[in-house]
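Architecture at a glance
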Amino acid sequence: MDIKALKALLAERGEPAYRLAQAKRAFFVELGADWDSVTTYGKPLREACREAIPWNTLKEVKTIVSPQGDTVKTLFECADGQKIEAVLMRHDDGRNTVCASSQVGCAMACAFCATGTMGLKRNLSIPEIVEQVIHFSRFLKPTKEYVTNLVMMGMGEPFHNYDNVIAALKQLNDKDGLNLGARHMSISTCGIVPGILKLADEPLQVNLAISIHAGTDEVRDKFMPVNKAYPLAKLMDAVHVYMKKTNRKVMFEYLLLKGINDHKSDANALARLLAHDHRLSHVNVIKYHPTEAFDPTAREERIAFVEWLEERGISATHRVTFGEDIDAACGQLAVQEENGLVKQGLDAVRAKRVRSNV
Ligand code: SF4
């Protein structure tokens, strides 16, 4: 729902201020299905709203779930026919994390990423970002669970759609709405320096994650074109400024690509890079979903990589990604949209608590 448009419509009709809060309650808290769920509105107002403002801007095209039930992935169609996707990851400690998209496609062309092959189509609007979370909130409603965390780590580079992403997170953080804590929301960037510096001054205290994936420019240049514009020295300068201003921890994502960035020398280079800011740094070592372009590093070597970092005083964990069996990596479903993925038994999945992701 376009909250800004609703606010304007209510003002135009001379409605009292509480009307906005009533609609927000029906949409974000009661998770209603359409305008009929705003029972506090009289029929004429409801009809005027229905006419002017779509309750949902996204349409669910298909939803697939992993056999373990820990991952639910939805492909959405936007009003203009563009396709985007979002993923719900269900942790056995009770957290329900949504990984949401910020753009249709992406201009950054990281060589390991399916979305990168699409190029950038357009930025997502505020309602299109918000509704990815609302969709999974509705999904969890029958079991009285809710979305606890959000990572802007789906399709797109969030800092290339900075204003809409921040506005969407503010809407989700709104106490009259979903009330999702700012500290439970993260923005993940491939390393857009101006975005990092802007976030450092943002009053909304969301977390920052950086897809680092290499400890030297030589290695990073091989698969992340962004490194030409913002090489590691510039990136780490911005990270340093961010840490100094916010005193908040930064998560560094590190996908291990077999034979590319998984040697001991790569761990040493990363440790050197983070040494200065190690107090506020944490490295997430991630298993790669195999593609035609790269192979994943074996489990023992991933664990060794974490140990090498820890030996050098860098805090690190090994994360097994969710939903490998349903192509849950960024952009895979939108790219493979026509490959006949099947909607499965969602009720069974809702009821299922699953293993930890670590
Ligand atoms: S990894 Fe992120 S920034 Fe890179 S191409 Fe994919 S969506 Fe874009």
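Residues numbered from 1 in each chain as written. Predicted model: local features only at pLDDT ≥ 70, side-chain atom pairs only at ≥ 80, totals over all residues.

Quick notes on the site of the ligand
- Every one of the twelve residues lining the ligand counts as a neighbour, but Cys106, Met108, Cys110, Cys113 and Gly116 are closest to it.
- For the shell around the ligand, the residue count by class is eight nonpolar, three polar and one charged. (Near = placed C-beta within 6 Å. Nonpolar A, V, L, I, M, F, W, Y, C, P; charged D, E, K, R; others polar.)

Quick notes on helix 9 (residues 232–246)
- Spanning 15 residues, helix 9 covers 21 Å between terminal C-alpha atoms, matching the ideal 21 Å at 1.5 Å per step.
- Among the residues making up helix 9, those that are buried are Leu232, Leu235, Ala238, Val239 and Tyr242. Down the axis of helix 9, the buried side of the element spans an arc of 125 degrees, and every buried residue falls inside it. Exposed residues on helix 9 whose side chains face more than 90 degrees from its buried face are Ala233 and Lys244.
- Elements that come into contact with the buried residues of helix 9 comprise helix 6 (193–200), strand 9 (207–211), helix 7 (217–223), strand 10 (250–256) and helix 10 (264–274).
- Just downstream of helix 9 lies asparagine 247, where phi reads positive at about 55 degrees. (Helix = DSSP H or I, 4+ residues; strand = E, 2+ residues; numbered from the N terminus. Expected span 1.5 Å × (residues − 1). Buried ≥ 20, exposed ≤ 12 C-beta atoms within 10 Å, placed from the backbone. Arc of directions from axis to C-beta. Contact = placed C-beta atoms within 7 Å.)

Some remarks on unusual backbone geometry
- Positive phi, normally seen in glycine, also occurs at asparagine 179, with a value near 60 degrees.
- For asparagine 179, the position within the fold is in the loop between helix 5 (162–173) and strand 8 (185–189).
- Residue class for asparagine 179 comes out exposed when judged on the 12 C-beta atoms lying within 10 Å of it.
- Unlike most non-glycine residues, histidine 213 shows phi in positive territory, near 60 degrees.
- Inspection of the secondary structure assignment puts histidine 213 in the loop between strand 9 and helix 7.

Observations concerning the pairing of strand 10
- A large share of strand 10 lies buried, amounting to five of its seven residues.
- Judged from the four bridges that link them, strand 9 and strand 10 form a sheet pairing that is parallel. Across the sheet, leucine 208 pairs through a bridge with valine 250, a residue of strand 10.
- Across seven bridges, the pairing between strand 10 and strand 11 (residues 281–287) is parallel. Bridge pairing links leucine 256 to lysine 287 in strand 11. (Pairing = 2+ DSSP bridges.)

A word on the packing of helix 10 against helix 11 (residues 299–311)
- Remark: helix 10 packs on helix 11, axes separated minimally by 9 Å, with the N-to-C direction vectors making an angle of 40 degrees. One element, helix 10, and the other, helix 11, form an angle in the oblique class. Helix-helix and strand crossings are classified by hand; for helix 10 and helix 11 the assignment is right-handed. Touching Lys264, Ala267, Leu270 and Ala271 of helix 10 are Phe305, Trp308 and Leu309, all from helix 11. (Axes fitted to C-alpha atoms, helices over the stretch in contact; angles between N-to-C directions. Parallel < 35°, antiparallel > 145°, perpendicular 65-115°, else oblique. Left-handed = near helix turned anticlockwise from the far one by under 90°.)

As for helix 5
- The first and last C-alpha atoms of helix 5 sit 16 Å apart over twelve residues, in line with the 16 Å expected at 1.5 Å per residue.
- Turning to helix 5, its buried residues number three or more, namely Tyr162, Val165, Ile166, Ala168, Leu169, Gln171, Leu172 and Asn173.
- Lining the buried residues of helix 5 we find helix 1 (3–12), helix 4 (126–140), strand 7 (149–152), strand 8 and helix 6.

Looking at the nonpolar core
- Val98, Val133, Leu150, Tyr254, Leu270 and Leu309 are the most contacted members of the largest nonpolar core, which has 100 residues in total.
- Residue contributions to this core peak at seven residues, all from helix 4.
- Residue-level mapping places this core at the junction of two domains, with at least three residues from each of domain 1 (1–55) and domain 2 (57–350).
- Beyond its immediate chain neighbours, meaning those up to four positions away, valine 98 contacts Ala86, Leu88, Gln132, Val133, Phe136, Val147 and Leu150. (Core = buried A, V, L, I, M, F, W, Y, C linked by C-beta atoms within 7 Å. Domains from an automatic or database assignment.)

Describing the sheet that holds strand 4 (residues 96–99)
- Pairing is mixed across the open sheet formed by ten strands, whose spatial order is 1-2-3-4-7-8-9-10-11-12. The open sheet has two free edges, formed respectively by strand 1 (59–65) and strand 12 (316–319), since each of these has just one partner strand. Along the sheet, successive strands turn relative to each other by an average axial angle of 20 degrees, direction set aside.
- With three bridges connecting them, strand 4 and strand 7 associate as parallel partners. Following the sheet pairing, cysteine 99 is matched in strand 7 by valine 151.

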